[in-house]
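Each chain, written out:
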Amino acid sequence: MNENNENIGFIGLGKMGLPMAMNLLNSGYHVYGSDVNPASASELQKAGGKTGHFSNWVPAVQTIILMLPSSTIVNHVIEEILATYETMHSNQTERLTIIDMSSSYPHDTKTNYEKLKLRMIDFMDAPVSGGIQKARSASLTIMAGGEEEVFKKCKRLLHSLGKQVFHIGPLGSGHLLKALNNYLSATHLLSACEAVQLMERYGVQPEKGIEVFNHSTGRSGSTEYKFPSFILNERFDSGFSLELMKKDVEMAKRLFEDYGAETVLPRVVHQRFEEASLALESLADHTEIYRYVTSYLLKRGNSREENEEIVSGPNDIRSGI
Ligand code: NAD
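Quick notes on the rules
Residues numbered from 1 in each chain as written. Predicted model: local features only at pLDDT ≥ 70, side-chain atom pairs only at ≥ 80, totals over all residues. Heavy atoms only, no water. Near = heavy atom within 4 Å. Polar contact = N/O pair within 3.5 Å; in protein donor to acceptor, adjacent residues only side chain to side chain. Helix = DSSP H or I, 4+ residues; strand = E, 2+ residues; numbered from the N terminus. Nonpolar A, V, L, I, M, F, W, Y, C, P; charged D, E, K, R; others polar. Domains from an automatic or database assignment. Contact = heavy atoms within 4.5 Å. Buried area = accessible area lost by both parts, 1.4 Å probe. Salt bridge = Lys/Arg side-chain N within 4 Å of Asp/Glu carboxyl O. UniProt positions renumbered as here; feature names shortened; annotations may be inferred. Buried < 20%, exposed > 50% of the residue type's maximum accessible area, 1.4 Å probe, protein only. Phe/Tyr/Trp six-rings, centres within 6.5 Å; stacked < 30°, edge-to-face > 60°. Axes fitted to C-alpha atoms, helices over the stretch in contact; angles between N-to-C directions. Parallel < 35°, antiparallel > 145°, perpendicular 65-115°, else oblique. Left-handed = near helix turned anticlockwise from the far one by under 90°.

Brief notes about the site of the ligand
Here comes step 1: For the ligand, the set of nearby residues contains 23 residues, the closest of which are Lys15, Met16, Asp35, Leu68 and Lys247.
Here comes step 2: Between an oxygen atom of the ligand and a main-chain N or O atom of Lys15, the distance comes to 2.9 Å.
Here comes step 3: Measuring from an oxygen atom of the ligand, one finds a backbone N or O atom of Ser103 at 3.0 Å.
Here comes step 4: For the shell around the ligand, the secondary structure elements donating two or more residues are helix H4 (71-87) and helix H11 (242-258).
Here comes step 5: For the shell around the ligand, the class distribution of residues is twelve nonpolar, seven polar and four charged.
Here comes step 6: Looking at the shell around the ligand, you find at least three residues from each of domain 1 (7-171) and domain 2 (176-320).

The structure is reproduced here in structure tokens:
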């Protein structure tokens, strides 16, 4: 149990943020939550958290955690926090710390750091891996970037949310690793989707093929976890959206480009996720890329038209795939 009566602000109470904020409450922190969606905030309130627009509670907290969908939104929220900070008369003796646990773009993270430093606000990036199951069980993997002193200050808090907490290096390096991790994960997933569909056309049972991969060198998080849990049973309910995975792959692609790296793979993987996001409905889960792969790797016995019908359903929003 937390003995310091520390007040933590949490902005972004979505699929990941809400269970994380709940875990902070369970660890004895006082949690102040904020989300543009009132339903998420009311869940936190029911569990004992305080809610409301963050401009009302920023003066009361020592640390603010951000768990937001994109860098653009993170940048905007940080501007708003700074505007609040300009006007507030705080009794705080401790420096405010902001931890961006969203999957953000590392270059933006550095820009935000420069802005916050001018106001004597500490900042670190600490994105997560593990999905909603591990968010609920407080067993996320956390990859932090930033100054050693700031990491030390936040370590106990981070251990209330994750089992594996790594300090990677300078500010932005957590966000860099997160983008690269999800690029690897997306690449494994896409290639496994193609391999499974090819084996189906050949007449091999996907379950059998996946079992063989999992005892061989072709295994990955996708074959070991995503195929059995979300794809082969056609549940497609991992809780991590296709849009968010597309964003992460796009960030990785940009990072390779920014550093002038001569590689085509990030571009190809990103292109497939972009096509899938046009083909599938806007709230699609990222594991539904499997359904999109059907449209270009014909399902056995079906015509291309029949396969496109499987992907698009009645509301076809695709153009030219
Ligand atoms: P989500 O869309 O479920 O949640 C985001 C929340 O932010 C929503 O509740 C939304 O209403 C809120 N929000 C948006 N704009 C806001 C604003 N201006 N002010 C306050 N709240 C605002 O997304 P998620 O799946 O919880 O993902 C959050 C972050 O974590 C993303 O950066 C994502 O890439 C990353 N992530 C997600 C998973 C996963 O499995 N879902 C895993 C690892 C990392």
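Looking at the domain arrangement of the chain
Here comes step 1: By domain assignment, the chain separates into domain 1 (7-171) and domain 2 (176-320).
Here comes step 2: With 15 residues of domain 1 at the interface, the matching set in domain 2 holds 15 residues.
Here comes step 3: Summed over both sides, the interface of domain 1 with domain 2 buries roughly 1,300 Å², with 62% coming from carbon and sulfur.
Here comes step 4: Viewed at the interface, domain 2 and domain 1 are joined by zero salt bridges.
Here comes step 5: Put simply, domain 1 and domain 2 have five residue pairs in polar contact (both at pLDDT 80 or more) between them.
Here comes step 6: Residue assignment for the side of domain 1 that touches domain 2 shows that the elements contributing at least two residues are helix H5 (106-118), strand E7 (128-129) and helix H6 (131-136).
Here comes step 7: When its residues are assigned to classes, the side of domain 1 that touches domain 2 shows eight nonpolar, six polar and one charged.

Focus on the UniProt feature "active site" (unreviewed entry) in the chain
Here comes step 1: The residues that UniProt annotates with the feature "active site" (unreviewed entry) are Lys178.
Here comes step 2: Looking at Lys178, the relative accessible area reads 8%, which means it is buried.

Looking at the UniProt feature "domain: 3-hydroxyisobutyrate dehydrogenase-like NAD-binding" (unreviewed entry) in the chain
Here comes step 1: The UniProt record annotates "domain: 3-hydroxyisobutyrate dehydrogenase-like NAD-binding" (unreviewed entry) at residues 172-292.
Here comes step 2: The span residues 172-292 is 71% helical and 0% strand by assignment, and the distance between its end C-alpha atoms comes to 33 Å.

Structural notes on the packing of aromatic side chains
Here comes step 1: Going through the model one piece at a time under the given rule, you end up with six aromatic pairs.
Here comes step 2: Summarising the aromatic geometry, the rings of Tyr32 and Trp57 are spaced 6.2 Å apart at their centres and angled 50 degrees between planes, so their arrangement reads as tilted. Here Tyr32 is found in strand E2 (residues 30-34), whereas its partner Trp57 is found in helix H3 (residues 54-57), with 25 residues between them in sequence. Just as Tyr32 is buried, Trp57 falls in that class too.
Here comes step 3: Where Phe54 meets Trp57, the ring centres are 6.3 Å apart and the plane angle is 65 degrees; that geometry is what we call edge-to-face. Remark: Trp57 and Phe54 occur in helix H3; sequence separation between them is three residues, near one turn of the helix. The residues Phe54 and Trp57 share a single accessibility class, namely buried.

Here's the deal with the packing of helix H1 (residues 17-26) against helix H2 (residues 38-46)
Here comes step 1: In contact at an axis separation of 10 Å, H1 and H2 are set at 20 degrees when each is read in the N-to-C sense. As summarised for this structure, H1 and H2 are arranged roughly parallel, according to the angle between their axes. The chirality of how H1 crosses H2 is right-handed. From H1, Leu18, Ala21, Met22 and Leu25 reach across to H2, where they touch Ser40, Glu43 and Leu44.

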